[in-house]
Every structure is written in C-alpha cells, then in structure tokens.
Amino acid sequence: MPLFLRVSVALCASLAVALSMVVTLNLLKYDETLRQLDHERAGILLSTLSHSIIIAHDLGLPLAANSLAEERATARKKAQGIEDLILFDHQGVILDASDQGRIGKKLPDAWRGEAPSALQWTARSDGRLLVGRRLHSSFGEEIGGLLAIISARSHAGAFQAALLRWPLKALGILLFSLLLSLPLIYLLARRLRKLVQLVTDEASPSLRERSS
Amino acid sequence: MKVGCKVPPEAATSIDRLRWVVTLVALSLMLLATLLLTTITYRGLDEQLDHRIALKGRLLTDHLVTQFERAAQHGIPLSRLPDLERFLDLARKDHPEILYLGLAAEGGMLASSGTAPPTSLAVVQEASRQLISQGGRPGASHLGTEELQFILQGVSDGSAPVAVLILGADELFAWRKVEDSLFDTLTVLLVSLIVAFEFVVLLLMRPLAGPLLTLAKLRAAGEGRGPPVCLRYRARDEIGQAVARFNASAERLARKSGQKLRELTPATALDIRLPLFLFIFADELQKPFLPLYANSLAPAQSWISTEVLISLPIAVFMLVIALATLWAGHLVDRLGPRRVLLAGALPAAVGYLLAAMATDIWLLLLARAFTGLGYAGIVMAAQGYVAAVSSPEERNRAIAVFVGCLMAGSICGTAIGGILAHEAGYQIVFLLSFALTMATAVAAWCLVASLPAQARKPQSFNFRSFWPLFRNRAFLILLFSAAIPSKLALNGIISFTLPIYLNHYGASAAEIGRVILIYPILILFLGPWLSGLADRWNSARFFTLAGGLLSGTAIILLGVSEGIGAAALSVVLLGLAHAASTSPQISMAIELCPREVEALGQARVLSLLRTLERIGSVGGPLLMGSLIAWQGLGSSLAYAGVAIATVACGLLFIGHRRQVEAISPSL
C-alpha cells in the first residue's frame, strides 16, 4: 500500500472510531433523556389520578371500588406509551388493571422499586419502564398505590430515528473531514517519503562501503 | 532481537518531528470532526425534545387545571386560594424545562412562578383575556415566542371560564441540557480522542516508526564490524521497498564475506501500546462501582463489618499485585515479555468472568485475586518489553509511552465503566472487561515481538541486601511520610471511599466515574509539568511536603463537606497534590540514599520504595473500611486527612538532619 493511501486509511479509521464513539455515547444520553421525560410525564399523570382516588377514599369509597378504565383511555391519549395503569392495595394485591388476569395477584417484587419508603419510584422490567406512586390517605395511612407501565416502544420511534440519522451525519462529517485533510495527507506522505529516503541513504552506504 | 546501538541524531530528529506532525494532524482533525458532530446531533435533539416537552407541558397544565377547577366548582374564588404562588412553585420544582407558570384572571395575574420576558408575558396575558371573554371551556392553545413555548388552558367553574393557566416551556431546553452536561460532553470527546489516537498509533505510527527507527539503527550497526543484518519487514509501500533494497545489500555483503546473515524484527515500545491500553481500559472499567458491587454481594449478617468486607476486593487485588510483581519480574527475565503477557491474560480474564458471575463476596475476592495475578504479569511484561526494545538513550521516552498508555487506559476505562454500569449493570461491565482482556491477548499475539529471554540469572529478592536502606532514617521518613500515604489516599480514598461517598449523595455510577476521572486527567496533564518545575527549582522536598499537606487538606474537605461538588473539588486537590509529589518522591529517594544507590544500584533502591509503598495500597481500603465502620463516613475521612497531613510534616525532619550533616564537616 503506498504511503499516501496508508496515511489516509489510518486517519480515516481513527476518525471513524472517534465519531462512532461520540455517536454511541450521545445515543445513550439521548435515550436517557427521553426515558426521563417519559418518567416525568407518567409521574404527573399518577399525581393527578392519586388526588381523585384519595379524595374518594377519604369520603368512604373503598379502594377496590375504583375503576381506572376511563383514566386509562385518557392517559393513553395524553401520555404516549402508557401501556397500562394498575391500582393495588397496601399489600400489593392488584385491584384494577387492563389485563383482567392480573387482578387479584400480587405485584411482582421487581415492580415495587428499591426504596420502600419513596413516594414515587421507577423500575424496569422486560424493557418496559414502570413508574409507581404510593397512595396515602389524608390521615397519613398507606392505602395502596398506582403503577404506570410505559411501553418500551414509547420512545422507540424517536430513538430509532436518531439511530438512523446520527450515524449518517457522522459518515458525512467523516467524508467531509477526509476531503478537507487530503492536502495535509499528501504533504505528510511526501515528508514521510523524504524521511524514508534519508534513513535508507544513511543506512545503505555503510553496507556498500563494507562490501567494497 | 534488539539492536544495541542508538539512532543517529539527524534521523532521530526527523522521525521525532514526523511523529509530532502526525499526532497534531490526527488530533486536530478528530477534534474538529467530533465537535462538529456533537453540535449537529444536539440540533437534532432539540427538534425531538420540543415535541415531548409540549406533551409533558399539556399533561402538567391538565393536572393543575383539574385542581383549580375543583376549587372553582366548589365556589371558592381562585383569588382567595391560600399560598397560590407556593403551589405553583412546587408544581414547577421537579420540571427544569418549565420556566414559567402563571394563573391569569380577567383583571390580571393572580399568581405566578418563575420568570418570562415582559414582552412575551404581555402577549400571553392579552391572549388569556381573550380566552376568558370567548366563554365556554377552551382546550389548550399554544403560543410560541423566541424564548418560551407557552401553553394556555382555561379554568372553568362549571359554567364559564374564570381564569387561564399559563405554562412557559423552555425553547432552548436541549441546549441547556448540553450546557448542564458540558462535563459529560467533554468526557465523551476526550475518551473518543484517546481511543482514536490509539488507532493512529496502531495503524500509522507503529508500522512506520518501527522499521524506520530500526533502519536508522542499522546504519550505526553497519558502521561496526559485526555480521551483516537484514530486517524482517514486508510491505508494498515506500518503506517496504527501502527495506528490500537494504536487505539485498546486506545479503550481498553476507555472501561476499561468508558471514551468516542475522535477521532482525523491528520492535519498538509502540508495539506494547495497544495491548497495554486495552488491558488497563478493561481493568479500570470497574473502578467507579467496585465497592458498590461488593456491597450488593455482602451478606446481611457477617462476623466482619460490611464496610471492612467491601474494602477487601481492592485490598486483595493490591496484595496479590504486590506479591506477584516480585515473581512476575523473574518470569519476564526467564520466558520473555511476550509469553508472560499472553500467560497473564488468562488469570485476568478468568478473574473478570468470575467477578461477573459472583454470587457472594468471597467469589468476588477470588475473582479479584485472579485478576491481580494477571495484572502483575501483564504490566511487568509490558515494562520489560519497553526496557528491552529501547536503548538507554530512548528509555525515558519509552517509559513515557508506557506511563501515558497507563493513564490513557485509566481515563477511558473509568469514564466508560461508569456510563456502562449505569446503563447496563455491573455484570455486563465485567463481561466487557473479559472481552477486552481477550482482545489484549490477541493484540499481544499480533503486535508484540518475541524477544529472547534474558541470559542473566534472575536476581532473587533478598531483603537482607536491602538492610542498609532500612537503617537510613531519611529513607524511612520518606517512605512513611510520603510514599505510603500517597498510595493510601489513592486506593483508600479515591478507589474505595469516593464511590461509597458519592453513592451516599445519590450519584449514579456514571457520575462517580466522571468525578474519579478528574484524577488521572490531572496526573496525565499536570504531572510532567509539575515534576519538571520541581526539577528546575531543585525543590523536590518542598513539592513532596506540599503534596502531602494538600492531600490531607483535600481529604479533610471531603469529610467536612457534603455533595458531589465537594467530592469533585477534593479529587481536583488530590490530583494536584499527587501530580506535584509523585515524581519528586523518586528524586528525593535518590538524593537521600547516595551510599545505598552506589552499593545496590538506583533501580533496586527505587524498586524497594515502590514495593514498600504498596503497604498503603493494600492497607488504605482496609483502614478506611474499618474507620468508616467505627466512626462513620464524614469523621473517618476527616481523621484520615488529619493523619496524612500530620505524617507529611515528618519530611521537615529530613531537612533538619541533612542541614546538620552539611554543617558538621566545616565545624
């Protein structure tokens, strides 16, 4: 491989490594920001819901008598990606969920978050983001909780768009940088050739001297 | 085979200059390209986030309007609601992108939280008045200005709108995220640049510099009267052609003189760079979270306190390194660096695999012991290779390559390890370390030349021969006042206590990694400059003392203050302290032990110092674990800081003694 090509390939490969690392790490950060916004949106939704449930509970309506069907439909419309809204009692037994098969079962431990005393928590299960909120009556007694299950697809569209677009942009920048650096690479290769000449000119005469 | 002569100065200068030009061109290009890409990607982020922030803003206005409507429908006038501003402040608190929240009635604003430009506010208030006067319950309407994206939603008392809730979302949220995460962005750029630079070395500098330097050395070899030498290098470029011409001349000479032609493999210190970088990268990945991982594996009930138990993985790792280093040095002499490097990758990889699969802390300890064994072998082999392929004139530069590689691997590993642990979990990071160690072995197999084993008989490590050093009071003061405390601070505070401290204040593994990262960056960039300054001012003792005192102060600061910012400041001070004092410690050791250096040799005196300072590496985590169990996090840090600063004052006694010695002959 001629020196000019070798220098170009080396710079191209190094640039590709740098740019792919920037794209990967930025994608990770973007994913985190999108997830955080999803989590905050679900938090607002649960906060609104918890107000009405607590007021109804304080007025004497048992928790099990609450139905979230209407709220679920509204939530799906307003907060993209909400897959389900679950109401559970203080023992973690599910009272209402869109999947009827879940009702009466206990909430899996992995869904309850790591901090048992936090008012609101997040967890991840099977790629889905879970946002939970504990319900306390006006007397401070824990009466149960609400859990929003956010689909893994909620920000998949935006993320996939970035996944397609950013590497293409990186490729464009790579080509642009290489074009920009061609004169530099040419000069570098020329200097290298001169250096090779210098070193071989210095190395060979001593051998010639000795052989003569 | 090594060429035992130096490179002619004119060729060395040209090769040096070329190295600098290549580095400069490559780094400038990479910096420009990565900055451009970061700017462009954040523009895209801005567009995407706007939509999501609007969605969230509508949800928040819905939530607040529902609550205001509940009051209005019960006949409570909104203007009489108590603490309305505080309510809006609280609603805005957890949403940094919501810059303004206000409740407007027909007569004017009832309450507001946050700030908005007066001109935009006047427009929004006018729009609110119109919404109220239109009657009926309007849905959310949007109004965009240069700085804020407003959402307006009417509050109805059941029959007619009585007020409008105004929410102002930050139009420049994505850019503010960039500003907030400036350190993150810089970390990403730095890591990308370092990794890409390693590629430049691998693809460009190593294949060019190796044969060129060897050719230049052969010139000097040709001038002697030894047997002719040819170079084992095949490539179709200009260097390959030059080597072929040279080899043809050498073959002719061999035929003519009847001498046997010697074959030479071009080997330089750059050969070791990629394997070493990959291995250090692999090993440093665990740094931001190892104590936290150990804590997750520690049993709830144990005869050892949890804090001591979670300090053991670092202590055991350091102990195995300390013991195995002595043995690995002999092994490198007997088997050659390449074999030891390849063999060292095996226990290291097994260690990472065991760590990923560890179900309890004892298995993690075993895993770290295996990795420590591999670490000692690989690092000693790399050091041995660097020493073997460089002539005495090149040795300082070759050691700089070695140290630079250690630091570069440390920076990248710590940064990426934190991010990965945060995103994918601790086990995945250990599995990545395993994969990288395998890549180390492959890189070593392909790049590192097989050098013959040293002919000399390996010297055994005999403590009795070092006895004069143990009787040198100044050497002992240096050891206990500076060398051991430095390692204690590095492994006891930065590697062990800092992750626990930062986790205590809610930092994620990625944030812990970014804070720890400050340390190697300062050592890499300020270390050579500060040690140069210490040499120029001939004040190694002052720099060592100042480093010790600053180190103590940094740890006290960490103990008495709270939060991630305080931790970052302490790491900056610790980095400065160690950058200033590590190299001067070596100068001091040589200066303080002239007779021992003459009798034992400089290398052996320094190797004893380096071996004994590992007492701090092993003891640091154990000591801090015990102190934390006994006194709690803050107090133990304060005590450790006071102790380090106090023992550093011991260096003052060396000055006094030497002064007396200097004066007494004249008396």
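Procedures and definitions
- Residues numbered from 1 in each chain as written.
- Chains lettered and ligands numbered in written order.
- Predicted model: local features only at pLDDT ≥ 70, side-chain atom pairs only at ≥ 80, totals over all residues.
- Heavy atoms only, no water.
- Helix = DSSP H or I, 4+ residues; strand = E, 2+ residues; numbered from the N terminus.
- Buried < 20%, exposed > 50% of the residue type's maximum accessible area, 1.4 Å probe, protein only.
- Contact = heavy atoms within 4.5 Å.
- Areas by Shrake-Rupley, 256 points an atom, 1.4 Å probe, with all protein chains shown as cover.
- Pairing = 2+ DSSP bridges.
- Axes fitted to C-alpha atoms, helices over the stretch in contact; angles between N-to-C directions.
- Arc of directions from axis to C-beta.
- Parallel < 35°, antiparallel > 145°, perpendicular 65-115°, else oblique.
- Left-handed = near helix turned anticlockwise from the far one by under 90°.
- Nonpolar A, V, L, I, M, F, W, Y, C, P; charged D, E, K, R; others polar.
- Buried area = accessible area lost by both parts, 1.4 Å probe.
- Salt bridge = Lys/Arg side-chain N within 4 Å of Asp/Glu carboxyl O.
- Polar contact = N/O pair within 3.5 Å; in protein donor to acceptor, adjacent residues only side chain to side chain.
- Patch = residues over 30% accessible without salt bridge, like charges linked within 9 Å, V, L, I, M, F, W, Y side chains within 5 Å.
- Lys, Arg positive; Asp, Glu negative; His and termini not counted.
- Charge placed at Lys NZ, Arg CZ, Asp CG, Glu CD.
- Phe/Tyr/Trp six-rings, centres within 6.5 Å; stacked < 30°, edge-to-face > 60°.
- Lys NZ or Arg CZ within 6 Å of the ring centre and 35° of its normal.

As a further point, take the overall build of chain B. Along the backbone of chain B there are 23 helices and seven strands. Counting only residues that meet the buried cut, chain B has 56% of its 667 residues in that class. Expressed as a percentage of contacts within chain B between residues at least 6 apart in sequence, the contacts between residues at least 24 apart total 78%. For chain B, the accessible surface area stands at approximately 28,500 Å², while carbon and sulfur atoms represent 61% of it.

For the rest of this paragraph, the subject is the overall build of chain A. Assigned secondary structure in chain A consists of three helices and five strands. For chain A, the sequential pattern of α-helices and β-strands runs α-α-β-β-β-β-β-α. Relative to its 212 residues, chain A shows a buried fraction of 50%. Across chain A, the fraction of contacts at a sequence separation of at least 24, relative to all contacts at a separation of at least 6, is 55%. Entry remark: accessible area of chain A is about 10,000 Å², with carbon and sulfur atoms responsible for 60%.

Turning to the sheet that holds strand 2 (residues 94–96) of chain A, a few remarks are in order. All names here are of chain A. A sheet is described by the order of its strands in space; here five strands give the open sequence 2-1-5-4-3, paired in antiparallel fashion. Only two strands of the sheet have a single partner each, and these edge strands are strand 2 and strand 3 (120–125). Strand-to-strand twist across the sheet, computed as the mean angle between neighbouring axes with direction ignored, equals 30°. Judged from the seven bridges that link them, strand 1 (residues 82–89) and strand 5 (residues 142–150) form a sheet pairing that is antiparallel. Bridging across to strand 5, leucine 85 finds its partner in alanine 148. Sheet strands touched by helix 1 (residues 3–58): strand 1, strand 3, strand 4 (128–136) and strand 5. Its angle to strand 4, the strand with the most contacts, is close to 30°.

Residue and element names in this part refer to chain B. Taken residue by residue, helix 2 (residues 84–93) has Leu84, Leu88 and Ala91 as its buried positions. Projected down its long axis, helix 2 carries its buried residues within an arc of 60°, all on one side. For helix 2, the exposed residues set more than 90 degrees away from the buried face come down to Arg86 and Lys93.

Working note: a packed helix pair is described by the angle between its axes plus the distance between those axes. Residues and elements named next belong to chain B. Closest axis-to-axis distance for the helix 15 (residues 473–504)/helix 22 (residues 633–648) pair is 11 Å, and the angle between their directions is 165°. Put simply, helix 15 runs roughly antiparallel to helix 22. The two elements helix 15 and helix 22 cross, and the hand of that crossing is left-handed. Taken together, the residues of helix 22 that come into contact with helix 15 (itself represented by Phe480, Ser481, Pro485, Leu488, Ala489, Ile493, Thr497, Ile500, Tyr501 and His504) are Leu633, Leu637, Ile644, Val647 and Ala648.

Before going further, it helps to spend a moment on the packing of helix 7 (residues 273–284) of chain B against helix 11 (residues 361–389) of chain B. Residues and elements named next belong to chain B. Interaxial distance between helix 7 and helix 11 falls to 11 Å at its minimum, and their mutual angle equals 155°. The angle between helix 7 and helix 11 falls in the class roughly antiparallel. When the axes of helix 7 and helix 11 are compared, the crossing they make is left-handed. Across the interface between the two elements, Leu276, Phe279, Ile280 and Asp283 of helix 7 pack against Arg368, Thr371, Tyr375, Ile378, Val379 and Ala382 of helix 11. Partitioning the contact of helix 7 with helix 11 into residue classes produces seven nonpolar, one polar and two charged.

Moving on, we get to the interface of chain A and chain B. Taken together, the contact pairs 70 residues of chain A with 84 residues of chain B. A buried area of about 7,000 Å², summed over both sides, lies between chain A and chain B, and 70% of it is on carbon and sulfur atoms. Here chain A is connected to chain B by zero salt bridges. Applying the counting rule to chain A against chain B returns zero residue pairs in polar contact (both at pLDDT 80 or more).

Together, Arg190, Arg191 and Lys194 of chain A together with Arg17 of chain B line one region of the surface with positive charge. Ranked by the residues each element gives to the positive patch, the list is headed by helix 3 (residues 156–211) of chain A, at three residues.

All names here are of chain B. If you trace the backbone, isoleucine 194 turns up in helix 5 (residues 182–223). Classification of isoleucine 194 as buried rests on a relative accessible area of 12%. Sequence spacing of isoleucine 194 and isoleucine 411 is 217 residues, and the spatial spacing of their C-alpha atoms is 8.8 Å. In contact with isoleucine 194, other than residues within four places in its own chain, are Phe277, Ala408, Ile411 and Cys412.

All names here are of chain B. In this structure the tally under the stated criterion is 14 aromatic pairs over all chains. Measuring from ring centre to ring centre gives 4.7 Å for phenylalanine 289 and tyrosine 426, while their planes differ by 10°; the resulting arrangement is stacked. Here phenylalanine 289, found in the loop between helix 7 and helix 8 (290–297), pairs with tyrosine 426, found in helix 13 (residues 426–447); they are 137 residues apart in sequence, far enough to count as distant. Relative to tyrosine 375, the ring of phenylalanine 317 lies with its centre 5.6 Å away and its plane at 75°, an arrangement referred to as edge-to-face. One end of the pair, phenylalanine 317, is in helix 9 (residues 306–335); the other, tyrosine 375, is in helix 11, with 58 residues separating them in the sequence. Residue phenylalanine 317 is classed as buried on the basis of its relative accessible area, which comes to 6%. Members of the aromatic cluster, connected to one another through ring pairs, are Phe289, Tyr293, Tyr426 and Phe430. Arginine 338 extends its terminal NZ or CZ atom over the ring of tryptophan 445, reaching a point 4.9 Å from the ring centre.

Let us look at the pairing of strand 4 of chain A. Residues and elements named next belong to chain A. By the criterion of burial, strand 4 is predominantly enclosed, with eight of the nine residues buried. Taken together, the six bridges between strand 3 and strand 4 define a ladder with antiparallel strand orientation. Residue pairing across strands places tryptophan 121 opposite glycine 132, the latter belonging to strand 4. Where strand 3 folds back on strand 4, the antiparallel hairpin that results is connected by two residues, among which aspartate 126 adopts a positive phi of roughly 50°. Note: strand 4 against strand 5, eight bridges, orientation antiparallel.

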